[in-house]
Amino acid sequence: MVAEHRWNAVAGIRSIELGDLRISYVPDGAVGLKPRGWFPETSEDDWREHAHYLDDAGELVASIGGLLVEHGSRAMLIDAGFGPETHPADPENPIIGALRGGELLENLTALGRAPEEVEAVAITHLHTDHIGWAHRGVFPAARFLLAEPEWKLRDQHAPDVTDEMLAGVEAQLETVHDGQEVFPGVRVRYSAGHTPGHASYAITSGDQRLIVFGDALHSAVQISNPTWPVQVDVDQEQAIRTRQDLVRELHEPGTIGFGGHFADVQFGRAITDSGTTRWHPPDLTACGACDPRCRSCFAVADRTGRKFNGNRTSDFH
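Source: prediction; values computed, not measured.

Thresholds, definitions, all that
Residues numbered from 1 in each chain as written. Predicted model: local features only at pLDDT ≥ 70, side-chain atom pairs only at ≥ 80, totals over all residues. Heavy atoms only, no water. Buried < 20%, exposed > 50% of the residue type's maximum accessible area, 1.4 Å probe, protein only. Helix = DSSP H or I, 4+ residues; strand = E, 2+ residues; numbered from the N terminus. Pairing = 2+ DSSP bridges. 1 Å grid on protein atoms, 1.4 Å probe; cavity = no way out; pocket = protein on both sides within 12 Å on 5 of 7 lines; lining within 4 Å. Points joined across faces, edges and corners; volume = space filled by probe spheres on them. Nonpolar A, V, L, I, M, F, W, Y, C, P; charged D, E, K, R; others polar. pLDDT = per-residue confidence, 0-100. Contact = heavy atoms within 4.5 Å. Salt bridge = Lys/Arg side-chain N within 4 Å of Asp/Glu carboxyl O. Phe/Tyr/Trp six-rings, centres within 6.5 Å; stacked < 30°, edge-to-face > 60°. Lys NZ or Arg CZ within 6 Å of the ring centre and 35° of its normal. Core = buried A, V, L, I, M, F, W, Y, C linked by side-chain atoms within 4.5 Å. Axes fitted to C-alpha atoms, helices over the stretch in contact; angles between N-to-C directions.

K.L.:
Which parts of the structure should I look at to understand the pairing of strand β2 (residues 21-33)?
P.N.:
Along any regular strand the residues' side chains alternate between the sheet's two faces. Burial of β2 is extensive: twelve of the 13 residues sit out of reach of the surface. As judged from the five bridges shared by strand β1 (residues 14-18) and β2, these two strands associate in the antiparallel manner. Bridging from a neighbouring strand, E17 pairs with R22 of β2. Count of turn residues in the β1/β2 antiparallel hairpin: two residues, of which G19 carries a positive phi of about 60 degrees. Sheet topology note: the β2/strand β3 (residues 60-71) ladder contains eleven bridges and is antiparallel. Bridged to V31 within β3 is A62. In this structure, β2 lies alongside strand β6 (residues 96-100), joined through three bridges in antiparallel fashion. In the strand pairing of β6, A30 is matched with R100.

Written as structure tokens, this is what we have:
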């Protein structure tokens, strides 16, 4: 079984091998999400049922960071964290609690990469916890990839994104389109709803696929409850359809997902038992060699370098 505390703990560095790609979560910080503010149609009974997702403050823990994709000597990031800022909790804010960033560059170095080596930063959408380091000039060689409709409609959402931030992104901007390959094995996937031009990314190597959600899914609790409206989605009905499509695809063989905000259970897949669908991350206690009979196995390592399996019977079903 997955350690219970992982569902409400901030995620650390983790890496997976996907065919000839190495993919690593690069932490930057975290934010607390107030459950009934974030999901305004939920009840106290809903959160008693899902209490293991909540921390001691009664909030959902949302990790913040980027995803490093490496192909040999080449490297790209998907999203760029919040940046070197800390915002204390505001008791008057009904949606979010304390917000902090600042760790991404240090953790990128821990993974053996300098910012100058990053050739592209693929941005899922224009919110401050996804562009935080991009607009600060720390990736001098990178193209900033953003879905064309997200840039075109940038004035329709994210009021906290300033003109100065947008100018910092625009200086290195390249707009991209649905289905476009932007790095070996990495393709843009339009997934509107959270923002007008939100993009997820599908990473494929061999017969394995990883779908990077961005903010199409904010929490593992949504795998079981994709129809819960989210207060901050600009088109709630479209966002629900997008989530439902993603959950269906996460049942497919050889497909796993990455939820950047999913506390410490970021990599996983959807499984359905007795009519109940849930998020199923790998079991950190299950170490050892992969079953050679399994064609879609991938190895995962935590920050200690400990390896565990991603598709053994004891880990993924």
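After presenting the structure, the write-up continues.
K.L.:
Hey, could you run me through the layout of surface pockets in this one?
P.N.:
Taking a probe equal in size to a water molecule and rolling it over the atoms shows the remaining empty space. Reported here for the largest pocket is a volume of approximately 700 Å³. Taken together, 33 residues form the lining of the largest pocket, with I96, L99, T128, D129 and D160 sitting closest to its centre. Looking at the lining of the largest pocket, the elements with two or more residues in it are β2, β3, β6 and α4 (128-131). Per-element tally for the lining of the largest pocket: the top contributor is β6, with three residues. Residues that form the lining of the largest pocket fall into these classes: 15 nonpolar, twelve polar and six charged.

K.L.:
Sorry if this is basic, but what is going on with the confidence of the model for the chain here?
P.N.:
Note that predicted coordinates carrying low pLDDT should not be read in detail. Confidence along the chain averages 90 in pLDDT terms, with 88% of residues attaining 70 or more. In this model residues 285-299 is a low-confidence stretch, pLDDT under 50, and it forms 36 contacts with partners more than four residues away in sequence or in other chains. Long-range and interchain partners of residues 302-317, a stretch whose pLDDT sits below 50, account for 60 contacts in this model, where long-range means more than four residues apart.

K.L.:
I'm lost on the pattern of salt bridges in this one. Help?
P.N.:
Side chains that carry opposite charge are capable of pairing whenever their charged atoms lie near each other. Tallied over the full model, the rule gives 18 salt bridges. Among the salt bridges present, the one from E17 reaches R22, with a minimum N-O distance of 2.4 Å. In this structure, the salt-bridge partner of E249 is R189, at a minimum N-O distance of 2.3 Å. Here the residue E249 occupies a position in helix α8 (residues 236-249), and R189 occupies one in strand β11 (residues 186-190), the gap between them amounting to 60 residues.

K.L.:
Could you clarify how one ought to interpret the packing of aromatic side chains in this entry?
P.N.:
The description of an aromatic ring pair rests on the distance of the ring centres and on the angle between the ring planes. Counting across every chain of the model gives nine aromatic pairs. Every member of this aromatic cluster is reached through a ring pair, and the members are Y25, F258 and F267. Over the aromatic face of W151 sits the side chain of R154, whose NZ or CZ is 4.1 Å from the ring centroid.

K.L.:
What should I look at first to understand the environment of V265 in this one?
P.N.:
Residue position: V265 is located in the loop between β14 (255-258) and β15 (267-273). For V265, a relative accessible area of 2% gives the class buried. The spatial distance from the C-alpha of V265 to the C-alpha of S63 is 9.9 Å, given a sequence separation of 202 residues.

K.L.:
What am I meant to see in the nonpolar core here?
P.N.:
Nonpolar side chains in soluble globular proteins tend to be buried together. With 30 residues, the main nonpolar core has F39, F213, I223, F262 and W279 as its most contacted residues. For F213, the contacting residues outside a window of four places in its chain are H198, S200, L246, L250, G257, F258, G259, F262 and W279. In this structure, V69, M76, A120 and I256 belong to the second largest nonpolar core, which totals 27 residues.

K.L.:
Mind showing me how you'd approach the sheet that holds strand β13 (residues 208-212) here?
P.N.:
Through backbone hydrogen bonds, the strands of a sheet pair up, either in parallel or in antiparallel fashion. Spatially, β10-β11-β12-β13-β14-β15-β16 is the arrangement adopted by the seven strands of the open sheet, whose pairing is mixed. Each edge of the open sheet carries a strand with a single partner, namely β10 (181-183) and β16 (276-280). Ignoring strand direction, the axes of neighbouring strands in this sheet form an average angle of 35 degrees. Judged from the two bridges that link them, β10 and β11 form a sheet pairing that is antiparallel. Looking at the pairing, E181 lines up with R187 of β11. On top of the sheet, α8 reaches β11, β13, β14, β15 and β16; it is set at about 155 degrees to β13, its chief contact.

K.L.:
Honestly, the side chain of T242 in this entry has me stumped. Any pointers?
P.N.:
Along the chain, T242 turns up in helix α8. Residue T242 is classed as buried on the basis of its relative accessible area, which comes to 9%. Ignoring sequence-local partners within four residues, the contact set of T242 consists of S191, A192 and A216.

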